[in-house]
Amino acid sequence: MEETWQLKLYVAGKTIKSAAALSNLKKYCEEYLKGKYKIEVIDLLVKPQLAEGDQIFAVPTLVKKVPEPIRKIIGDLSNKEKVLVGLNIIPVNKS
Amino acid sequence: MATALSTKKDTNIRLQKSPTGIAGLDEITEGGLPKGRPTLICGEAGAGKTLFGIEFIVKGATQFNEPGVFVAFEEKSDELAANVASLGFDLKKLVQEKKVRLDYVHIERSEIEETGEYDLDGLFIRLGYAIDAIKAKRVVLDTLENLFSSLSNEAILRAELRRLFEWLKTKGVTAIVTGEKGNNQLTRQGLEEYVSDCVILLDHRVQNQISTRRLRVIKYRGSMHGTNEYPFLIDSNGISVLPVTSLTLENKVSSQRVSTGIPSLDNMLGGQGFFKGSSILVSGTAGTGKTSIAAHFANAACMRSERCIYFAFEESPEQIIRNMKSINVNLEKHVKSGLLKFHASRPTLYGLEMHLLVIYKTIQEFKPTTVILDPITNLVTVGTVSEIKSMLMRLIDYLQKEQITVLFTALTLNTIINENTDEGVSSLVDAWLLVRDIEFNGERNRGMYIMKSRGMKHSNQVREFVINDHGLELVDVFLGPEGVLTGSARVAHQLMEKTEDALKAFSLNRKDREIERKSSMLEAKISGLRNEFESVKDELNRIYQEEELKQEVLNQNREAMINLRKEKVQQSTKK
């Protein structure tokens, strides 16, 4: 059964870092998770109350809740390998 | 910019402070922590940093109407609330009332990957949101350093921390940041670099197996502050610091007097007893009745319907009550009526400073007019003489300020009076009674002196101090050619004097009677002579009358003769 990667990217305004993170993320997803991912960008400047729920303290933070386990990746996601390991995409890639 | 400039001007005049509400700390810092600035609280694990922060927030919310945000990096909000509930802080209620906001920043190392550049804006936003939600004036971050163990990019962290503190300042919140003590630094990550306004170190030291918590204001920019190490106590009411060394000697004094409970001792002190609010030291060797004097004093206070606390370091309250019953002092009824409170603790229970704090707190709660410490010498087991002296000095200071009369008892270990003993408090106290053994004539008796009593006339004599079923009494000792006599020697002497008196009275009687007899004899003599005199007078009278009679008869005869001759002449002429 196909799983959908539900990804939330927390940012604080349109900064260079958040833009970089978003474009990196989109790039990896297109490459490895084509058609089975969903990206939600949450701007904490607009919805600061959401920060507490996902325990966000740094931005940008990418949160993956589904599929389990929960993973958080902070930073501009420039290190491709770390992101892929973090998102448990590598095993998918292997197959 | 203009507002920033004007606030700067204000702070130049006087640094604004935010009271912590922590008992004693505001006195040390002369008003509290720097308002609108971050303060670093550092210390080892278990030093009380978190509690300090919580209390700052809770007191701010409840006493100073300053809502606060507590950001925990270590404990979950629920755990935190449960932990401090035992201290009487109802965090949940305060949270509901929107006076306090708890935020638990949980960083699960295993869930996190770091890739590339990031910043801590998330934290800023969370904090900012929390601050704005309740219009917080106070923020506690406990413990920021946890970030360092969770994140590996130290360069970013440091830059972000610097930014965080700047940001907190612009937010205008008074912040507390806690940090664990590092090896050669105040904190492991050198947080002190970022927080430069106020740094407070909490310390937890074990000395002679007794642990004492201490607090020291290491730095406080732009403000006077106490520089000493101040012991502090964590008990059911949270933290209390004792700002123990009062800097001035400006205590007001009373000229009101209080009875010692022993009338004859009052007489020695100008007839009225001690000054109210003064400190009295009763020292003496073992078994000289120091506790008895103390119990009398306590009893007298309770009799005046005043409150009294009895700090016992040697005997249990029951023991004291029982023992004092034997000398006709009923302390039990005062305990029952709530006027007298016993506070018994082993000296080794905690450190000296802690004792002082406990005494201080108990006094503040009970509000007595009289305090008794029996005996202060036992405290030697937990401190050096100089430590005890400084402790007592601060205690006396405090009591004087509160106008509480205090009586210490002290055990002198040697029988020779040593003016330097008694933990050196003899110079601090206002009155010093010395009870000593006088060994003479094969028995020991108690003698009492008043070594000093500031500001009043007092007897300079030694009194014999007698403890009997009725209580304590002071008896004038006998000062005679043989020296000072006490005990049975004194009684013997008194008996001797009595005998002498009787004898003297008897001999006086005899002399009186003799004189009486003599006088009656003389009177008899006088009456005899008077009789003689009467008879002589009679005789004289008789002779005189006889003579008169004789003269009369003679005159009659002569007249008769003359008449007779005339008749003869007439007859012859007729013839």
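Residues numbered from 1 in each chain as written. Chains lettered and ligands numbered in written order. Predicted model: local features only at pLDDT ≥ 70, side-chain atom pairs only at ≥ 80, totals over all residues. Heavy atoms only, no water.

### Quick notes on the overall build of chain B
Within chain B, the secondary structure is distributed over 15 helices and 25 strands. The C-alpha atoms of chain B give 48 Å as radius of gyration, which overshoots the globular expectation for 575 residues (25 Å, by more than 25%). Dimensions of chain B, computed from C-alpha atoms along their principal axes, come out at roughly 215 × 65 × 40 Å. The buried share among the 575 residues of chain B stands at 49%. Surface exposure of chain B reaches about 29900 Å², of which carbon and sulfur atoms provide 51%. Across chain B, 75 positive and 76 negative side-chain charges occur, with their mean positions spaced 6 Å apart. (Helix = DSSP H or I, 4+ residues; strand = E, 2+ residues; numbered from the N terminus. Rg over C-alpha atoms; globule rule 2.2 N^0.38 Å. Buried < 20%, exposed > 50% of the residue type's maximum accessible area, 1.4 Å probe, protein only. Areas by Shrake-Rupley, 256 points an atom, 1.4 Å probe, with all protein chains shown as cover. Lys, Arg positive; Asp, Glu negative; His and termini not counted. Charge placed at Lys NZ, Arg CZ, Asp CG, Glu CD.)

### Things to note about the overall build of chain A
Along the backbone of chain A there are four helices and four strands. Counted from the first residue to the last, chain A has its helices and strands arranged as β-α-β-α-β-β-α-α. The C-alpha atoms of chain A give 13 Å as radius of gyration, which agrees with the globular expectation for 95 residues (12 Å, within 12%). Along the first, second and third principal axes, the C-alpha set of chain A runs to 40 × 25 × 20 Å. Burial status across chain A gives 46% buried among its 95 residues. Of all intrachain contacts in chain A linking residues separated by at least 6 positions in sequence, the fraction that spans at least 24 positions is 65%. Entry remark: accessible area of chain A is about 5000 Å², with carbon and sulfur atoms responsible for 55%. Computed over 16 positive and 11 negative side-chain charges, the inter-centroid distance for chain A is 2 Å. (Contact = heavy atoms within 4.5 Å.)

### Let's talk about the environment of B:Asn65
Residues and elements named next belong to chain B. Relative to the helices and strands, Asn 65 resides in the loop between α3 (49-63) and β4 (68-72). The exposed category is assigned to Asn 65, whose relative accessible area is 64%. Between the C-alpha atom of Asn 65 and that of Lys 99, which follows or precedes it by 34 residues, the distance is 8.2 Å.

### A short note on a positive patch on the surface
Taken together, B:Arg510, B:Lys511, B:Arg513 and B:Arg517 make up a surface patch of like positive charges. Of the residues examined, B:Lys511 reaches a relative accessible area of 56% and is grouped as exposed. (Patch = residues over 30% accessible without salt bridge, like charges linked within 9 Å, V, L, I, M, F, W, Y side chains within 5 Å. Salt bridge = Lys/Arg side-chain N within 4 Å of Asp/Glu carboxyl O.)

### A word on the confidence of the model for chain A
Per-residue confidence for chain A gives a mean pLDDT of 80; residues scoring 70 or more make up 92%. The element-level mean pLDDT for chain A is lowest in helix α4 (residues 90-94) of chain A, coming to 50, with strand β2 (residues 37-43) of chain A highest at 86. (pLDDT = per-residue confidence, 0-100.)

### Side note on the nonpolar core
One recurring pattern in soluble globular proteins is that nonpolar side chains are buried together. Core analysis: the biggest nonpolar cluster contains 40 residues, and A:Phe57, B:Val69, B:Leu120, B:Leu127, B:Leu141, B:Leu144 and B:Leu147 have the highest contact counts within it. Looking at this core, the elements that each hand over two or more residues are β3 (38-43), β4, α6 (121-134), β7 (138-142), α7 (146-150), α8 (154-171), β8 (174-180) and β9 (198-207) of chain B. Non-local contacts of B:Val69, meaning those with residues more than four positions away in its chain, are made with B:Ile57, B:Arg101, B:Leu127, B:Ala130, B:Ile131, B:Ile134, B:Ala136, B:Arg138, B:Val139 and B:Val140. One finds B:Met268, B:Leu269, B:Met324 and B:Leu433 within the second-largest nonpolar core, a separate group that totals 39 residues. (Core = buried A, V, L, I, M, F, W, Y, C linked by side-chain atoms within 4.5 Å.)

### Concerning the state of the cysteines
All names here are of chain B. Overall, the coordinates contain zero disulfides over all chains when judged by the stated rule. With no disulfide partner, Cys 42 has as its closest neighbouring cysteine sulfur the one in Cys 198, 10 Å distant. There is no disulfide at Cys 302, and the cysteine sulfur nearest it, in Cys 308, is 5.2 Å away. (Disulfide = S-S within 2.5 Å.)

### Some remarks on the sheet that holds strand β16 (residues 308-312) of chain B
All names here are of chain B. Strand order in the open sheet made by the nine strands is β17-β16-β18-β19-β15-β20-β21-β22-β23, with mixed pairing throughout. Looking at which strands have only one partner, the edges of the open sheet turn out to be β17 (340-344) and β23 (471-476). Between one strand axis and the next, the sheet turns through 25° on average, direction left out of account. Pairing geometry for β16 and β17, over five bridges, is parallel. Across the sheet, residue Ala 312 finds its bridge partner in β17, namely Ala 344. In the packing of helix α13 (residues 352-366) onto the sheet, contacts are made with β16, β17 and β18 (370-374), and the angle to β16 comes to roughly 160°. (Pairing = 2+ DSSP bridges. Axes fitted to C-alpha atoms, helices over the stretch in contact; angles between N-to-C directions.)

### Describing the side chain of B:Asp119
By the element assignment, B:Asp119 lies in the loop between β6 (112-114) and α6. Engagement of the side chain of B:Asp119 in a polar contact is seen with the side chain of A:Lys17, the distance being 2.9 Å. With sequence-adjacent residues up to four places away left out, B:Asp119 is seen in contact with A:Lys17, A:Phe57, A:Ala58, A:Val59, B:Glu160 and B:Arg163. (Polar contact = N/O pair within 3.5 Å; in protein donor to acceptor, adjacent residues only side chain to side chain.)

### So, the pattern of salt bridges
Following the criterion strictly, the structure yields 27 salt bridges over all chains and no others. Put simply, B:Arg101 and A:Glu52 hold a salt bridge, and the shortest N to O gap is 3.5 Å. Residue B:Arg101 is found in strand β5 (residues 100-104), and its partner A:Glu52 is found in helix α2 (residues 50-53); the two belong to separate chains. Accessibility expressed as a relative area gives 22% for B:Arg101, which makes it partly exposed. The partner of B:Glu332 in a salt bridge is B:Lys325, and the shortest N-O contact between them spans 2.7 Å.

### Some thoughts on helix α14 (residues 385-401) of chain B
The first and last C-alpha atoms of α14(B) sit 24 Å apart over 17 residues, in line with the 24 Å expected at 1.5 Å per residue. Taken residue by residue, α14(B) has B:Ile388, B:Met391, B:Leu392, B:Arg394, B:Leu395, B:Ile396, B:Asp397, B:Tyr398, B:Leu399 and B:Gln400 as its buried positions. (Expected span 1.5 Å × (residues − 1).)

### Digging into the environment of A:Glu40
Residue and element names in this part refer to chain A. With respect to the helices, strands and loops of the structure, Glu 40 is situated in strand β2. By relative accessible area, which is 41% here, Glu 40 ends up partly exposed. Between the alpha carbons of Glu 40 and Leu 7 there is a distance of 6.1 Å; along the sequence they are 33 residues apart. Residues within four places of Glu 40 in sequence aside, it is in contact with Leu 7, Lys 8 and Leu 9.

### Re empty space enclosed by the protein
Applying the stated rule across the entire model yields two cavities of 30 Å³ or more. Here the second largest cavity is characterised by a volume of approximately 40 Å³. Along the walls of the second largest cavity sit A:Val11, A:Ala12, A:Thr15, A:Lys17, A:Ser18, A:Val59, A:Pro60 and B:Asp119, which together make up its complete lining. Class assignment for the residues of the lining of the second largest cavity results in four nonpolar, two polar and two charged. (1 Å grid on protein atoms, 1.4 Å probe; cavity = no way out; pocket = protein on both sides within 12 Å on 5 of 7 lines; lining within 4 Å. Points joined across faces, edges and corners; volume = space filled by probe spheres on them. Nonpolar A, V, L, I, M, F, W, Y, C, P; charged D, E, K, R; others polar.)

### Description of the pairing of strand β15 (residues 279-284) of chain B
All names here are of chain B. Counting buried positions along β15 yields six of six residues, so the element is predominantly enclosed. With burial as the criterion, each face of β15 is covered, one bearing Ser 279, Leu 281 and Ser 283 and the other bearing Ile 280, Val 282 and Gly 284. The sheet contact formed by β15 and strand β19 (residues 405-411) spans six bridges and is parallel. By the bridge assignment for β19, Ile 280 is matched with Leu 407.

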